[in-house]
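# An overview of the molecular structure
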Amino acid sequence: MSKGLSFNGKHTREMDILVTDLKMPLVSNMKDIYESVPGRDGNILFPGWLEDKRIECTFGVRCARSERVAKLREVAQWLYTRERKQLIFDTSPDVYYMAKVSGQVDVEHLQGISLVRVAFQAEPFAYSVNKTTITKQITSSDKQITLVNQGTYDVFPVIKVSNANTNSLSLTIGDDKLTVSNALQASDVLTIDCDEMTVLLNDTNVLDKTTGTFLSLKPGTNVMTVEAQNTLNLSVEWRERFL
């Protein structure tokens, strides 16, 4: 018997529900493409993407026979959503999945308990419940900031620059470089969302002044180099992802 879970803001223990069975793949299906070439041994691999993860649960709903209909209606209301909601398992309370019930929900009635079989369709990653934020003052003699992604997959951070006085700004991680060719003053806040691919100077869109590649943090240690005319404050925030 598995421990409980939370979904759609409610824990199974609140509803007197047992999680009697749980099936979850270790890694989502990888949508790779293999092409054969006449006269060539083996196939050529074109790496694809991760598909959604299918998580199958069996819930044991305990209630008296006279209360069965009302109880199962309560369960149906809990499971029904129009969009994905956080799914958190007691065995891994530090991460959550974004999931939605997929397909028909079947019920088997036994003596004193009803077995409800549910399949969740979730995004392929588990996300850290807590975000990671690293801040540093960048100076002419110290232009690098070390960022450690403790997840198992790339993440796209939100970068904020403040208290700057520079005509332009460049950020580099490995071979990727992002440049904002717009003057920044000490009162300005520049926000670069590498996931949403947006660049805001205060509330103004300056994407047209931005060139290069939006940055990502690979699992492990990443070193970001900052190029600017003067001292500035840098904040980098991300949410770790796990396969």
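Above this text you will find the structure in question.
What comes next concerns the included structure. Values in this document were obtained by computation on a predicted structure and should not be read as measured data. (Residues numbered from 1 in each chain as written. Predicted model: local features only at pLDDT ≥ 70, side-chain atom pairs only at ≥ 80, totals over all residues. Heavy atoms only, no water.)

## Thoughts on the pairing of strand β9 (residues 106-110)
Which entries qualify depends on this criterion: Any two strands with at least two DSSP bridges between them are considered paired. Here a strand is any run of E in DSSP of at least two residues, a helix any run of H or I of at least four, and the numbering for each starts at the N terminus.
Relative to strand β10 (residues 113-122), β9 runs antiparallel, the two being bridged by 5 bridges. Paired with H109 across the strands is S114, a residue of β10.

## Overview of the side chain of T172
This is how the line gets drawn: Note on contacts: a residue pair qualifies if any of its non-hydrogen atoms lie within 4.5 Å across the two residues.
Along the chain, T172 falls in strand β15 (residues 169-173). With residues near it in sequence (within four places) discarded, T172 still touches K177, L215, V223, M224, T225 and E227.

## Notes on the packing of aromatic side chains
Which entries qualify depends on this criterion: Stacked, edge-to-face and tilted are the three classes for Phe, Tyr and Trp ring pairs, Trp counted by its six-membered ring, which pair at centre distances within 6.5 Å; planes under 30 degrees apart are stacked, over 60 edge-to-face, the rest tilted. Here's how the labels work: a residue is buried when its accessible area is under 20% of the maximum for its type, exposed when over 50%, partly exposed in between, all with a 1.4 Å probe on protein chains only. For a ring to carry a charge above it, either NZ of a lysine or CZ of an arginine must fall within 6 Å of the ring centroid while also lying within 35 degrees of the normal to the ring plane.
Taken as a whole and judged by the stated rule, the model has 7 aromatic pairs. Where F59 meets W78, the ring centres are 5.6 Å apart and the plane angle is 50°; that geometry is what we call tilted. Of this pair, F59 sits in strand β6 (residues 53-62) while W78 sits in helix α1 (residues 68-79), placing them 19 residues apart in sequence. Of the residues examined, F59 reaches a relative accessible area of 0% and is grouped as buried. Ring centres of F125 and Y127 lie 6.5 Å apart, and the angle between their planes is 75°; this geometry places the pair in the edge-to-face category. Note on F125: relative accessible area 9%, which makes it buried. Among the residues examined, Y127 registers a relative accessible area of 14% and is labelled buried. When the ring centre of F125 is taken as origin, the NZ or CZ atom of R241, which lies over that ring, is 4.3 Å away.

## Thoughts on the sheet that holds strand β17 (residues 189-193)
With antiparallel pairing, the 6 strands of this open sheet are ordered in space as β12-β22-β14-β17-β18-β19. In the strand order of this sheet, the two ends are held by β12 (132-138) and β19 (204-205), each with one partner. In this structure, β12 lies alongside strand β22 (residues 232-238), joined through 7 bridges in antiparallel fashion. Bridged to K136 within β22 is L234.

## Notes on unusual backbone geometry
Across the chain, the bulk of peptide bonds are trans and the bulk of non-glycine residues have phi less than zero. With a phi close to 55°, N8 is a non-glycine residue in the positive phi region. Positionally, N8 belongs in the loop between β1 (5-7) and β2 (10-11). One non-glycine residue, N163, lies in positive phi territory at about 55°. With respect to the helices, strands and loops of the structure, N163 is situated in the loop between β14 (158-162) and β15. On the basis of relative accessible area, N163 is assigned to the partly exposed category, the value being 39%.

## A few points about the nonpolar core
Worth spelling out the cut-off: The definition of a nonpolar core used throughout is a set of buried Ala, Val, Leu, Ile, Met, Phe, Trp, Tyr and Cys residues joined through side-chain atoms within 4.5 Å.
In this structure, I159, L169, L190, I192, M224, L232 and L234 are the most contacted members of the largest nonpolar core, which totals 29 residues. The set of elements that each furnish at least two residues to this core consists of β13 (144-149), β14, β15, β16 (176-180), β17, β18 (198-201), β21 (220-227) and β22. With 4 residues, the single largest contributor to this core is β22. Beyond its immediate stretch of four places on either side in the chain, L190 contacts I159, K160, V161, L169, V180, L184, V199, L200, L201 and V206. In terms of nonpolar packing, the next biggest core, distinct from the first, is built from 24 residues, V61, F89, F120 and A122 among them.

## Details of the pattern of salt bridges
Which entries qualify depends on this criterion: A carboxyl oxygen of Asp or Glu within 4 Å of a side-chain nitrogen of Lys or Arg is what we treat as a salt bridge.
Throughout the structure, instances matching the rule amount to 13 salt bridges. Residue E56 pairs with R54 through a salt bridge whose shortest N-O separation is 2.9 Å. Its relative accessible area of 31% is what places E56 among the partly exposed residues. Salt-bridge contacts for K71 lead to E74; the nearest nitrogen and oxygen are separated by 3.7 Å. With K71 and E74 both in helix α1 and 3 residues apart, the pair spans about one turn of that helix. Given the relative accessible area of 14%, K71 is considered buried.

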